[in-house]
Amino acid sequence: MAWRARVLSMILAMILLAGSVADAAAHASLVSSAPAAGAVVAGGEVSIELRFDSRLDPRFSQLKLVREDGAAAVLRIEAGGPSDALKATGTGLREGRYRLHWQVLGVDGHASRGDVAFQVGR
Ligand SMILES: [Cu+2]
């Protein structure tokens, strides 16, 4: 019967929708960062730590520091840290605006990315 098929496909659509909403919530998202977004920090050497709300696969996670003139450097992620965090050190940072671009793979197998803007000042 046609109505029965319609009801079944509606139920199926609702299940799929509920599944994708739950899945979206499971992607690793940024909880806190050092430097904090908008922070002004002293230059030279800057300790970087990003915390996420889920465990990450560090093999497929990347931190990139982009200077305002567009120059970018991939940071070496420190090994042995907590599984929900990425740590690195920016060195030789002179004054100016920076964008810390992060790209991570959560343990659910999905990638997410974002940026933290901060400034190196006096
Ligand atoms: Cu996910």
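Residues numbered from 1 in each chain as written. Predicted model: local features only at pLDDT ≥ 70, side-chain atom pairs only at ≥ 80, totals over all residues. Heavy atoms only, no water.

1. Digging into the nonpolar core
Core analysis: the largest hydrophobic core is formed by 19 residues, its most contacted members being Phe52, Leu63 and Leu100. Of all the secondary-structure elements, those providing two or more residues to this core are strand E3 (44-52), strand E4 (62-67), strand E6 (85-93), strand E7 (96-105) and strand E8 (111-121). Contact partners of Leu100, with chain neighbours within four places excluded, come to Ile48, Leu50, Leu63, Lys64, Leu65, Leu75, Gly114, Asp115, Val116 and Phe118. (Core = buried A, V, L, I, M, F, W, Y, C linked by side-chain atoms within 4.5 Å. Buried < 20%, exposed > 50% of the residue type's maximum accessible area, 1.4 Å probe, protein only. Helix = DSSP H or I, 4+ residues; strand = E, 2+ residues; numbered from the N terminus. Contact = heavy atoms within 4.5 Å.)

2. A few points about the pattern of salt bridges
Evaluation of the coordinates by the stated rule reveals 5 salt bridges. Across the pair Arg51 and Glu49 runs a salt bridge whose closest N-O atoms are separated by 3.6 Å. When the shortest N-O distance is used, the salt bridge between Asp84 and Arg51 registers 3.1 Å. Taken together, the residues Asp84 in the loop between strand E5 (72-74) and E6 and Arg51 in strand E3 connect sequence positions 33 residues apart. Residues joined by salt bridges that share partners form a network here, namely Glu49, Arg51 and Asp84. (Salt bridge = Lys/Arg side-chain N within 4 Å of Asp/Glu carboxyl O.)

3. A short note on the packing of aromatic side chains
Going through the model one piece at a time under the given rule, you end up with 2 aromatic pairs. Ring centres of Phe52 and Trp102 lie 5.0 Å apart, and the angle between their planes is 75°; this geometry places the pair in the edge-to-face category. Linking Phe52 in strand E3 with Trp102 in strand E7, this pair joins segments that are 50 residues apart in sequence. Judged by relative accessible area, which is 6%, Trp102 ranks as buried. With a centroid separation of 5.8 Å and an interplanar angle of 15°, the aromatic rings of Tyr98 and Phe118 are classed as stacked. (Phe/Tyr/Trp six-rings, centres within 6.5 Å; stacked < 30°, edge-to-face > 60°.)

4. Considerations on the sheet that holds E6
One open sheet holds the 3 strands; their spatial order is E1-E3-E6, and the pairing between them is antiparallel. Looking at strand neighbours, the two that pair on one side only are strand E1 (30-34) and E6, the edges of this open sheet. Each strand axis lies, on average, 15° off the axis of its neighbour in the sheet, ignoring direction. (Pairing = 2+ DSSP bridges. Axes fitted to C-alpha atoms, helices over the stretch in contact; angles between N-to-C directions.)

5. Looking at the coordination of the copper ion
Each protein donor to the copper ion is listed here as His27 (ND1), Asp108 (OD) and His110 (ND1); together their distances run 1.8 to 2.2 Å. The class for Asp108 is partly exposed, based on a relative accessible area of 29%. Assessed through its relative accessible area of 27%, His110 is described here as partly exposed. (Donors = N, O, S within 2.8 Å, 3.2 Å for Na, K, Ca; no water.)

6. Thoughts on the side chain of Ser61
Mapped onto the elements of the fold, Ser61 is located in the loop between E3 and E4. For Ser61, a relative accessible area of 9% puts it in the buried group. Engagement of the side chain of Ser61 in a polar contact is seen with the backbone oxygen of Asp57, the distance being 2.8 Å. Ignoring sequence-local partners within four residues, the contact set of Ser61 consists of Leu56, Ile77, Leu86, Gln103, Val104 and Leu105. (Polar contact = N/O pair within 3.5 Å; in protein donor to acceptor, adjacent residues only side chain to side chain.)

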